[in-house]
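Read off the chains here:
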Amino acid sequence: MLQDNFRRVVLGKTKQELIQAVGRPDSTLDLGKIIWNNVSYWDYDDQTLDAASGKISSATVRFENNVVEDISFSAY
């Protein structure tokens, strides 16, 4: 899936909605409450494509209060 499409599909989703949309993550990290917000990260390894470079990339999804707030990509 292209990075832009992944971003469109997952932003604003809950954890359950994200699993339904793109499947279970490869790894997770739950930081608990940080400054009154529940923060966790889910990693999707090698599941996105950087359209500009043509490289496969991984996505890190950041949840705040159980809703996707941000996504970052790492191409290899």
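Criteria and cut-off values
Residues numbered from 1 in each chain as written. Predicted model: local features only at pLDDT ≥ 70, side-chain atom pairs only at ≥ 80, totals over all residues. Heavy atoms only, no water. Helix = DSSP H or I, 4+ residues; strand = E, 2+ residues; numbered from the N terminus. Rg over C-alpha atoms; globule rule 2.2 N^0.38 Å. Buried < 20%, exposed > 50% of the residue type's maximum accessible area, 1.4 Å probe, protein only. Contact = heavy atoms within 4.5 Å. Areas by Shrake-Rupley, 256 points an atom, 1.4 Å probe, with all protein chains shown as cover. Lys, Arg positive; Asp, Glu negative; His and termini not counted. Charge placed at Lys NZ, Arg CZ, Asp CG, Glu CD. Pairing = 2+ DSSP bridges. Core = buried A, V, L, I, M, F, W, Y, C linked by side-chain atoms within 4.5 Å. Salt bridge = Lys/Arg side-chain N within 4 Å of Asp/Glu carboxyl O. Axes fitted to C-alpha atoms, helices over the stretch in contact; angles between N-to-C directions. Parallel < 35°, antiparallel > 145°, perpendicular 65-115°, else oblique. Nonpolar A, V, L, I, M, F, W, Y, C, P; charged D, E, K, R; others polar. Polar contact = N/O pair within 3.5 Å; in protein donor to acceptor, adjacent residues only side chain to side chain.

Undergrad: Would you mind showing me how to read the overall build of the protein chain here?
TA: Along its length, the protein chain carries two helices and four strands. When its helices and strands are written in sequence order, the protein chain yields α-α-β-β-β-β. For the protein chain, the C-alpha radius of gyration of 12 Å lies close to 11 Å, the compact-globule estimate for 76 residues. Taken along its principal axes, the extent of the C-alpha atoms in the protein chain is 40 × 20 × 20 Å. Relative to its full complement of 76 residues, the protein chain shows a buried share of 25%. Of the contacts formed within the protein chain by residues at least 6 apart in sequence, a portion of 38% connects residues at least 24 apart. Summing over all exposed atoms, the protein chain offers an accessible surface of approximately 4,700 Å²; the carbon and sulfur share of this is 48%. A distance of 4 Å separates the average location of the 8 positive side-chain charges in the protein chain from that of its 11 negative side-chain charges.

Undergrad: When you look at the pairing of strand β4 (residues 67–75) in this model, what are you seeing that I'm missing?
TA: Two faces, one strand: in a regular strand the side chains alternate between the faces of the sheet. Inspection of the sheet shows strand β3 (residues 56–64) paired to β4 by eight bridges, in the antiparallel sense. Its bridge partner lying in β4, Val61 is registered against Ile71. Hairpin connection between β3 and β4: a loop of two residues separates the two successive antiparallel strands, and Asn65 in this loop has a positive phi of roughly 55 degrees.

Undergrad: Explain the nonpolar core here, please?
TA: Soluble, globular proteins show a tendency: their nonpolar side chains are buried together. Counting twelve residues, the largest nonpolar core consists of Phe6, Val10, Leu18, Ile19, Val22, Trp42, Tyr44, Ala59, Val61, Phe63, Val68 and Ile71. Sorting the residues of this core by element identifies α1 (3–10), α2 (15–22), β2 (37–49), β3 and β4 as the ones contributing at least two each. Residue contacts for Val61: discarding those within four places in its chain leaves Phe6, Leu18, Ser40, Tyr41, Trp42, Tyr44, Val68, Asp70 and Ile71.

Undergrad: What am I meant to see in the pattern of salt bridges here?
TA: Overall, the coordinates contain one salt bridge when judged by the stated rule. Where Glu64 meets Arg62, a salt bridge forms, and the shortest distance between an N and an O atom there is 2.8 Å.

Undergrad: What is the right way to read the packing of α1 against α2 from this model?
TA: A pair of packed helices is characterised by two quantities: the angle between their axes and the separation of those axes. Remark: α1 packs on α2, axes separated minimally by 10 Å, with the N-to-C direction vectors making an angle of 140 degrees. Considering their axes alone, α1 and α2 lie oblique with respect to each other. Residues Phe6, Val9 and Val10 of α1 lie in contact with α2, whose contacting residues are Leu18, Ala21 and Val22. Considered class by class, the residues forming the contact of α1 with α2 number six nonpolar, no polar and no charged.

Undergrad: What exactly am I supposed to notice about the environment of Thr60 here?
TA: Its place among the elements puts Thr60 in strand β3. As for Thr60 and Leu11, which are separated by 49 residues in sequence, their C-alpha atoms are 12 Å apart. Dropping the residues within four chain positions of it, Thr60 is found in contact with Tyr41, Trp42, Asp43, Asp70, Ile71 and Ser72. There is a polar contact of 2.7 Å between the side chain of Thr60 and the side chain of Asp43.

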